[in-house]
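These are the residues of each chain, in order.
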Amino acid sequence: MGLMHGSAGFTRYMAERTLPQNFKEGLSENIARYAFRDLDDKSIDERSAGWVNILDMFDNRFAGIEFLKEPYIAMSLRLDERKIPPTALKQYCREAEKTIKEEEHLEFLPKSRRADIKESVRLRLLKRAIPVARTYDMIWNTATGLVVFGSTSARVCDEFMERFLRTFNLQLQAICPYTLGELHLGQEGASPHLLDGLSPSRFLEDQ
Amino acid sequence: MQLLERVRKTEFLGREFLLWLWFKSETEDGIFDLGDKGKAELWLGGKITLQSENERGVETITCTGEALSMKEARFALAEEKEIRQATVKLAIGDNQWSFVLDSTWMNFRSFKAPRVMNDGEEDPDGLFYEKAFLIEEAISAMDQIYSSFMKRRLSPDWATEDRRTIGQWIRQGRDGD
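The shown structure was predicted, so the numbers you read here are calculated from the model rather than taken from an experiment.

## Some words on the overall build of chain B
Okay, step 1: Counting its regular elements, chain B contains five helices and six strands.
Okay, step 2: Mapped from its N terminus to its C terminus, chain B presents α and β elements in the order α-α-β-β-β-α-β-β-β-α-α.
Okay, step 3: Taken along the three principal axes of its C-alpha coordinates, chain B extends 60 × 40 × 30 Å.
Okay, step 4: A total of 177 residues make up chain B; the buried ones form 35% of that total.

## Digging into the domain arrangement of chain A
Okay, step 1: Domains assigned within chain A are domain 1 (11-81 + 135-196) and domain 2 (86-128).
Okay, step 2: Put simply, the middle of domain 1 of chain A and the middle of domain 2 of chain A, counted by C-alpha atoms, are 43 Å apart.

## Points about the environment of Ala76 of chain B
All names here are of chain B.
Okay, step 1: Relative to the assigned elements, Ala76 resides in helix α3 (residues 71-78).
Okay, step 2: Spatially, the C-alpha atoms of Ala76 and Gln51 are 8.5 Å apart, while their sequence positions differ by 25 residues.
Okay, step 3: Leaving out residues up to four positions away in the same chain, Ala76 has contacts with Leu50, Ile61 and Lys81.

## Describing the interface of chain A and chain B
Okay, step 1: The interface of chain A with chain B comprises 33 residues on the first partner and 39 residues on the second.
Okay, step 2: Along the lines of polarity and charge, the residues of the side of chain A that touches chain B split into 21 nonpolar, nine polar and three charged.

## Some details on the packing of helix α5 (residues 177-188) of chain A against helix α4 (residues 124-154) of chain B
Okay, step 1: Remark: α5 of chain A packs on α4 of chain B, axes separated minimally by 10 Å, with the N-to-C direction vectors making an angle of 80°. With respect to α4 of chain B, the axis of α5 of chain A lies roughly perpendicular. For the pair α5 of chain A and α4 of chain B, the contacting residues are Leu180, Gly181 and His184 of chain A in the first and Asp143, Tyr146, Ser147 and Met150 of chain B in the second.
Okay, step 2: Looking at the contact of α5 of chain A with α4 of chain B residue by residue, the classes come out as three nonpolar, three polar and one charged.

## Focus on unusual backbone geometry
Residues and elements named next belong to chain A.
Okay, step 1: Look at the link from Glu70 to Pro71: it is a cis peptide, with omega at 0°.
Okay, step 2: Its place among the elements puts Pro71 in the loop between β3 (68-69) and β4 (72-81).
Okay, step 3: Its identity as a non-glycine residue notwithstanding, Asn169 has a phi of 55°, on the positive side.
Okay, step 4: Mapped onto the secondary structure, Asn169 falls in the loop between α4 (154-168) and β7 (173-174).
Okay, step 5: The exposed category is assigned to Asn169, around which 11 C-beta atoms lie within 10 Å.

## Structural notes on the nonpolar core
Okay, step 1: If you look at the biggest cluster of nonpolar residues, it comprises 78 residues, and the most contacted ones within it are Ala74, Ile139 and Phe149 of chain A.
Okay, step 2: With eleven residues, the top contributor of residues to this core is α4 of chain B.
Okay, step 3: Those residues in contact with Ile139 of chain A that sit more than four places away from it in its chain are Leu3, Tyr72, Ala74 and Val148 of chain A together with Ala132 and Ile135 of chain B.

Calculation criteria
- Residues numbered from 1 in each chain as written.
- Chains lettered and ligands numbered in written order.
- Predicted model: local features only at pLDDT ≥ 70, side-chain atom pairs only at ≥ 80, totals over all residues.
- Helix = DSSP H or I, 4+ residues; strand = E, 2+ residues; numbered from the N terminus.
- Buried ≥ 20, exposed ≤ 12 C-beta atoms within 10 Å, placed from the backbone.
- Domains from an automatic or database assignment.
- Contact = placed C-beta atoms within 7 Å.
- Nonpolar A, V, L, I, M, F, W, Y, C, P; charged D, E, K, R; others polar.
- Axes fitted to C-alpha atoms, helices over the stretch in contact; angles between N-to-C directions.
- Parallel < 35°, antiparallel > 145°, perpendicular 65-115°, else oblique.
- Core = buried A, V, L, I, M, F, W, Y, C linked by C-beta atoms within 7 Å.

Shown next as structure tokens:
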């Protein structure tokens, strides 16, 4: 479920509000450079991440300017991961160890040899594993600087912030009570340092 | 002070904001002025998570139900537990949103916006703009309400009035009033 369909969670960020005049030049190329690439059937890569069309997770071409929906830039971050179920890995390792012991007439396999077997089994199974695809929508209002990203997972959000920086060369600022307080004081024309003087309220202290 | 240190030292503001929202919705009908956008009605309903940290470690309590005047959650407040996240219902005009607001990063979880008429088949961009508008409208309303909270929190009246009345309300919860 993303922001476009059903219910979702999201994290908010602020991007630079004043963008350079030539900001849109080369934007398509930059986005295409960091677009999603399918995991190759023959590769042993465990994951792949990149941008896809927010309205179609299978469209990663960015041939046009489908990401531009004035005043928004909207895309999805797609993360594909191959995972081997731990029980399957254990079973295949046990079978491989048994075969080797029989072939080499061994009673016992040293720890290092067992680790090598496990790694080779893992790589073999990885090629057979079907990647699990997930998408996380991003809506960036370039007029206000508000960026909404459809995940609240710290790991996914970190990956998003890094990819956003590489794609747009812009650092995102995460929203939290402090930054929201700063925005409020900015609108009031007051100094953000007023927040530094605050301490937690003791509601149940004798008054 | 570095930004990260400032962020860490003011984390309590998110918890106090959720408490203030609950207090306002219980005692003052939860009506908030959004300026030229009219008025918003807000109440807490669904799940609320409270937490305290003391020498015994971290203690967490989660209460679920529509009636957040529920005794257990109110009692937890009186035991000096603080709200970590709460399900917020927000209504502006005919539109109603539901989401779980997190006190640390002000994240919106389980966000449900009003149903849109456009199914996206014929006009996918229309669906996008409608969804984006509804997301931004909820965010903008919550930011304005947070701004109202900050205004009170930074005013001298907070210590003399708000802190006292919220304290009384918390005590009433313990006494079962």
